[in-house]
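Spelled out, the chains give:
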Amino acid sequence: MSTDKPAERWYKDAVIYELHVRAFHDGKGDGVGDFVGLTRKLDYLQDLGVSALWLLPFYPSPLRDDGYDISDYFDVHPSYGTLSEFKRFLREAHRRGLKVITELVLNHTSDQHALFQRARRAPPGSRERDFYVWSDSPSKYAEARVIFKDFESSNWTWDPVAKAYYWHRFYSHQPDLNFDNPAVLRHLLKAVDFWLGLGVDGLRLDAIPYLFEREGSSCENLPETHAFLKELRRHVDARFKDRMLLAEANQWPEDAAAYFGSGDECHMAFHFPIMPRLFSALHMEDCFPIVDILKQTPALPDALQWALFLRNHDELTLEMVTDEERDYMYRVYAMDPRARINLGIRRRLAPLLGNHRRKIELINGLLFSLPGTPVLYYGDEIGMGDNIYLGDRNGVRTPMQWSADRNGGFSQADAARLYAPVNADSVYGYQGLNVEAQEQQPCSLLNWMRQLVAARRRHDTFGRGSTEFLDADNRRVLAYFRHGADDDILVVANLSQKAQAVELALGRYAGIQPVEIVGGTLFPRIGVGPYALSFGPYGFYWFSLGCGRRPPAWRNPEVQVPFLPKGTSPESPGLPA
Ligand code: NOJ
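The helix and strand tally for the protein stands at 16 helices and 22 strands. In terms of principal-axis extent, the alpha carbons of the protein reach across some 80 × 50 × 50 Å. Within the protein, buried positions represent 62% of all 577 residues. Approximately 21400 Å² of the protein is accessible, and the part contributed by carbon and sulfur atoms is 50%.

A separate point is the nonpolar core. One recurring pattern in soluble globular proteins is that nonpolar side chains are buried together. In this structure, Tyr17, Phe89 and Phe279 are the most contacted members of the largest nonpolar core, which totals 155 residues. Of all the elements, helix 6 (residues 182–198) adds the most residues to this core, at nine residues. Ignoring anything within four residues of it in the chain, the contact list for Phe279 reads Leu310, Arg311, Leu316, Met329, Tyr333, Leu349, Leu352, Leu353 and Ile363.

With the rule as written, the count across this model stands at zero disulfides. A disulfide-free cysteine, Cys266 has its sulfur positioned 20 Å from the sulfur of Cys219, the nearest such atom. The buried category is assigned to Cys266, whose relative accessible area is 0%.

Once that is clear, we can look at the packing of aromatic side chains. Enumeration over the complete set of coordinates arrives at 48 aromatic pairs. Judged by centre distance (5.6 Å) and plane angle (75°), the ring pair of Phe74 and Phe194 falls under edge-to-face. Taken together, the residues span a long stretch of sequence, with Phe74 in the loop between strand 2 (52–55) and helix 4 (83–95) and Phe194 in helix 6 at a distance of 120 residues. Under the relative-accessibility criterion, Phe194 is labelled partly exposed at 24%. By the ring-pair criterion, three or more aromatic residues cluster together here, those being Phe35, Phe58, Tyr59, Phe74, Phe86, Phe89, Phe194 and Trp195. Residue placement shows Arg129 over the ring face of Trp134; its charged tip is 4.9 Å from the ring centre.

Turning our attention to the domain arrangement of the protein. Assigned domains within the protein: domain 1 (15–87 + 356–363 + 377–458), domain 2 (114–167) and domain 3 (466–544). The gap between the C-alpha centroids of domain 2 and domain 3 is 55 Å.

Another aspect to go through is unusual backbone geometry. Despite not being glycine, Asp66 shows a phi value in the positive range, around 50°. Within the fold, Asp66 resides in the loop between strand 2 and helix 4. Positive phi values are uncommon outside glycine, yet Asn407 reaches one of about 55°. Summarising the element assignment, Asn407 is placed in the loop between strand 14 (373–377) and helix 14 (435–440). Here Asn407 falls in the buried class, since its relative accessible area comes to 6%.

So, about the sheet that holds strand 11 (residues 316–317). Spatially, 11-13-12 is the arrangement adopted by the three strands of the open sheet, whose pairing is antiparallel. The outermost strands of the open sheet, each flanked by one partner alone, are strand 11 and strand 12 (340–341). As defined by bridge partners, strand 11 adjoins strand 13 (residues 344–345) across two bridges and the pair is classed as antiparallel. In the strand pairing of strand 13, Leu316 is matched with Ile345.

Okay, the layout of surface pockets next. A volume near 400 Å³ is recorded for the second largest pocket. Lining of the second largest pocket is provided by 22 residues; of these, Ala299, Leu300, Pro371, Ser466 and Thr467 occupy positions nearest its centre. For the lining of the second largest pocket, the secondary structure elements donating two or more residues are helix 10 (288–295), strand 10 (305–309), helix 16 (460–464) and strand 15 (466–469). The element that contributes the greatest number of residues to the lining of the second largest pocket is strand 15, accounting for three residues.

Okay, helix 9 (residues 274–284) next. Count 3.6 residues to each turn of an α-helix, and residues three or four apart come out pointing the same way. Counting buried positions over the 11 residues of helix 9 gives nine, a clear majority of the element. Contact partners of the buried residues in helix 9: helix 10, strand 10, strand 11, helix 11 (323–333), helix 12 (349–352) and helix 13 (357–367). One or two residues past the end of helix 9 sits Glu285, with phi positive at roughly 55°.

Around the ligand lies a shell of 13 residues, among which Asp65, His108, Asp206, His313 and Asp314 are the nearest. Here Arg204 contributes a side-chain N or O atom positioned 3.1 Å from an oxygen atom of the ligand. At a separation of 2.5 Å, an oxygen atom of the ligand approaches a polar side-chain atom of Asp314. In isolation the ligand has 300 Å² of accessible area, and contact with the protein removes 98% of it. One can see that the ligand is located within the largest cavity. In terms of residue class, the shell around the ligand is made up of three nonpolar, three polar and seven charged.

Empty space among the atoms can be located by rolling a probe the size of a water molecule over them. Applying the stated criterion to the full structure yields two cavities of 30 Å³ or more. Roughly 370 Å³ of internal volume is contained in the largest cavity. Forming the walls of the largest cavity are 27 residues, and the residues nearest its centre are Phe148, Phe170, Glu248, Asp314 and Arg393. Partitioning the lining of the largest cavity into residue classes produces 11 nonpolar, seven polar and nine charged. Its volume calculated, the second largest cavity comes out at about 40 Å³. The wall of the second largest cavity is formed by Leu310, Arg311, Leu349, Asn364, Leu367, Val375, Leu376, Tyr377 and Asp380. Here the lining of the second largest cavity takes three residues from strand 14, the largest share from any one element.

So, how was this worked out
- Residues numbered from 1 in each chain as written.
- Predicted model: local features only at pLDDT ≥ 70, side-chain atom pairs only at ≥ 80, totals over all residues.
- Heavy atoms only, no water.
- Helix = DSSP H or I, 4+ residues; strand = E, 2+ residues; numbered from the N terminus.
- Buried < 20%, exposed > 50% of the residue type's maximum accessible area, 1.4 Å probe, protein only.
- Areas by Shrake-Rupley, 256 points an atom, 1.4 Å probe, with all protein chains shown as cover.
- Core = buried A, V, L, I, M, F, W, Y, C linked by side-chain atoms within 4.5 Å.
- Contact = heavy atoms within 4.5 Å.
- Disulfide = S-S within 2.5 Å.
- Phe/Tyr/Trp six-rings, centres within 6.5 Å; stacked < 30°, edge-to-face > 60°.
- Lys NZ or Arg CZ within 6 Å of the ring centre and 35° of its normal.
- Domains from an automatic or database assignment.
- Pairing = 2+ DSSP bridges.
- 1 Å grid on protein atoms, 1.4 Å probe; cavity = no way out; pocket = protein on both sides within 12 Å on 5 of 7 lines; lining within 4 Å.
- Points joined across faces, edges and corners; volume = space filled by probe spheres on them.
- Near = heavy atom within 4 Å.
- Polar contact = N/O pair within 3.5 Å; in protein donor to acceptor, adjacent residues only side chain to side chain.
- Sits in = over half its atoms within 2 Å of the grid points.
- Nonpolar A, V, L, I, M, F, W, Y, C, P; charged D, E, K, R; others polar.

Shown next, in the form of structure tokens:
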């Protein structure tokens, strides 16, 4: 059960909500979301129960990679507002107890950044030129893979002004900064000080594996990168309290875990490989892919944490799977070639799962109970759809659907002015699928998600406990314990579309009556023999096994309502005691 949480490890107990300012709410009526609009929607986010907001890049940028092509690290893109509007947003978020995580895009800038414009004009070998990585021939670092393989054929592009090739791991309009130049580090540390100085609580370190280049290597995860991260961490720790660094390293678990250093690099790192395996386990109706990847995942010391997600603003990446697994995922989740991009699938959660409510609930039940901090992508809490006819990854970045009003309540502008069309199709269209409608339906996905988030946040064990898998006698059922300081939680999930039963060896808990956490229901007492459970299709349970051998205080046997409307929970004061 939750007790007072130490402020310095807030990210361990967090539920993170990822959003794009541009896509969330347009407060000024020009067709583009902004900080004024986002600030107005903070009450919604507080009601949803999330505890931290991760904002995609909102800095000045030509927006050729949706803001990951920064042209000024120290300001706000004029379409999204002003620095003082950002500060007001931050104040209001903090007033509601919401932490704010922003982007630190270190690896590259836009080619429109003044530093690049200066570099390409400066003489070869000068300090200015040296801010980026140049070569006379495009054959250096030949072992580095091309990441955006649908768009780029090489990591080098010829610059007619500099009369040299420059290095870029992503789009050719995003030249990589030269981390061998100490002036680059100094510039970036100023940006770190600027945003953390304003009160930002965490930084997502974009594309962190690619900072350095060394001949004969893949130019990923190099020791120099880790040395740099240690320096960054020292810098942050020396100046700020309770801040968090989150590594975006799309790598195998062992390489991703290296971004924690020995507790002296990042506090958090995304766990990329678990994500596609949740989807394949669900389709194969087999717990193996999940158990297998988590068994390859190193256990973390208390101060560190994985960040887990189902979907985000990028494609569902299939880089960290085998070729067979990738073929399988494409076959079952992206038959339409339009749904594919680079090495991944550009779809949102609901369409990926055929809008199957129980599957959506189950996969969220796993996301919120596996070891790590869950990251929810905006719109997935209402089951928003996508638009695979938009270019790049824009199909999963359409405006948030607030109501059945004009433009889905996102903006008062003419529809033609919107930065992207609101989804209006017959299944996921804003007319029927929106926040306002779901707030009115007690059984909506939104209200179900609110309950799930609340249940998760009542139990520190989810964020802090260790994990132990159980050998169930049925591979269609995934079972694991989360062992916490003062509670043990048992998670049991039916990955199958058919009803299933399982017998679990729970003898060590003999005498305990499990309490199902989301609904507060008491289950039969555990005996010394096998404990039998049955499930409907895609059913799952989170059981508190309580260490005090008594049902937890929050359990109220009078209240057995599976879905409660907004603002209520089994421990709400408004409900009968
Ligand atoms: C990772 C971001 O998530 C992605 O959206 C972006 O395109 C690349 N970094 C390049 O900046």
